[in-house]
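Inside the fold
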Amino acid sequence: MKRYAGNQYSMQNPLTQYPQPEFPAQHQPEPGLDSKMRPEPDHGEASYVGFGRLKGRKALITGADSGIGRATAIAYAREGADIVLNYLPEEESDAQEVVALITAEGRRAIALPGDLKSEAFCKSLVGNAVEALGGLDILVNVAGKQIAQQHISELSSEQFDHTFKTNVYALFWLCKAAVAHMPPGATIINTASIQSYDPSATLLDYASTKAAIVAFTKALASQVIDQGIRVNAVAPGPIWTVLQPTDGQPAEKIPTFGAHVPMKRPGQPAECAPLYVLLASQESSYITGEVFGVTGGNPLP
Ligand code: NAD
Ligand code: MG
């Protein structure tokens, strides 16, 4: 379906494994479509090979239509999981591509679009996911909002509120609803960022939410371990996704996106997915309350 075929398991130089800057200038209105990005991101469509590491697991993934969420959904399906996908209604065409890829693996894909800024929707999403899947073993919180603003004077209360609702409140509402249904061995994986630790001046609200996600992950992990539930977070650096050309970065930064990290290129969603698989599987049984970077060489503190 897409290029980047068959390179996930062959040894190669990570510096040249994927496209390097400069990239074409591009802009889309939020939330944007992955299918319109140039070059197209790699979500592992042609390269991710599963080994049954999540056989029979029941997973709910937010932001599953595109970017890191899509790569995670493809990997989970190939590892044997059934999946409920959440995304915004405007993203239906991206989401249907993911549904087709999951179904092609013989796994179940249940699309439940809706706006996570609503507490009522978050509660019903978890309830409907539990009903559709017959339980819930894995909650992967990937959905996020990022809009760059040059100065605090240009950051509206509405944007501040929407960024916190999407990135932090939804996480709270989804986790709260999910833990009530989760059996011992279940896992929650949140999506933090290098911005949690090293905030850009233009991402005042976003970086603050990502710092909150780190504290939330650690506190929740220590709460729910008595139920046998593990909670961890992935903290990506610059990843080539539609979050960026939808005003996630100032437009002039898109052509050189990722050039500043030691690997001198952005990461691809496919390079994040294996960590989401590890943290969902029993292989990570002694790991909870941790945050793992996927940063191209800018280590987390
Ligand atoms: P993306 O745009 O592909 O994914 C973000 C998704 O969030 C969208 O597809 C959308 O479905 C979902 N979303 C946004 N607002 C929503 C709402 N109100 N209700 C329901 N869904 C909503 O981009 P991505 O880069 O794959 O982002 C995934 C996660 O990774 C985000 O949490 C982001 O903060 C994080 N992250 C991304 C990068 C990066 O460089 N791309 C770096 C660090 C962290
Ligand atoms: Mg999307």
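Preceding block: the structure.
Residues numbered from 1 in each chain as written. Chains lettered and ligands numbered in written order. Predicted model: local features only at pLDDT ≥ 70, side-chain atom pairs only at ≥ 80, totals over all residues. Heavy atoms only, no water.

What about the side chain of R265?
Considering the arrangement of structural elements, one finds R265 in the loop between α6 (244-248) and α7 (269-280). When its relative accessible area of 3% is taken as the criterion, R265 is described as buried. Of the polar contacts made by the side chain of R265, one reaches the backbone oxygen of P14; its length is 2.8 Å. Separated by 2.8 Å, the side chains of R265 and E271 make a polar contact. When neighbours within four sequence positions are excluded, R265 is seen to be in contact with P14, L15, Q17, Y18, P19, Q20, P21, G258 and E271. (Helix = DSSP H or I, 4+ residues; strand = E, 2+ residues; numbered from the N terminus. Buried < 20%, exposed > 50% of the residue type's maximum accessible area, 1.4 Å probe, protein only. Polar contact = N/O pair within 3.5 Å; in protein donor to acceptor, adjacent residues only side chain to side chain. Contact = heavy atoms within 4.5 Å.)

Brief notes about the coordination of the magnesium ion (ligand 2)
The coordination sphere of the magnesium ion (ligand 2) contains the protein donors D65 (OD), S66 (OG) and E91 (OE), at a distance range of 2.1 to 2.2 Å. Mapped onto the polypeptide sequence, the residues donating to the magnesium ion (ligand 2) form the spacing pattern D-S-x24-E. Note on D65: relative accessible area 1%, which makes it buried. Here S66 falls in the buried class, since its relative accessible area comes to 11%. (Donors = N, O, S within 2.8 Å, 3.2 Å for Na, K, Ca; no water.)

Details of the pattern of salt bridges
Taken as a whole, this structure holds 12 salt bridges when the rule is applied. Across the pair E79 and R53 runs a salt bridge whose closest N-O atoms are separated by 3.8 Å. You can see E79 sitting in the loop between α1 (67-78) and β2 (82-86) and its partner R53 sitting in the segment before β1 (58-62), a full 26 residues away along the chain. For E79, a relative accessible area of 0% translates into the label buried. Given the relative accessible area of 26%, R53 is considered partly exposed. Between R70 and E97 there is a salt bridge; the shortest N-O distance is 3.1 Å. Of this pair, R70 sits in helix α1 while E97 sits in helix α2 (residues 92-104), and the two are 27 residues apart along the sequence. Judged by relative accessible area, R70 falls into the buried class, the value being 0%. Looking at E97, the relative accessible area reads 24%, which means it is partly exposed. (Salt bridge = Lys/Arg side-chain N within 4 Å of Asp/Glu carboxyl O.)

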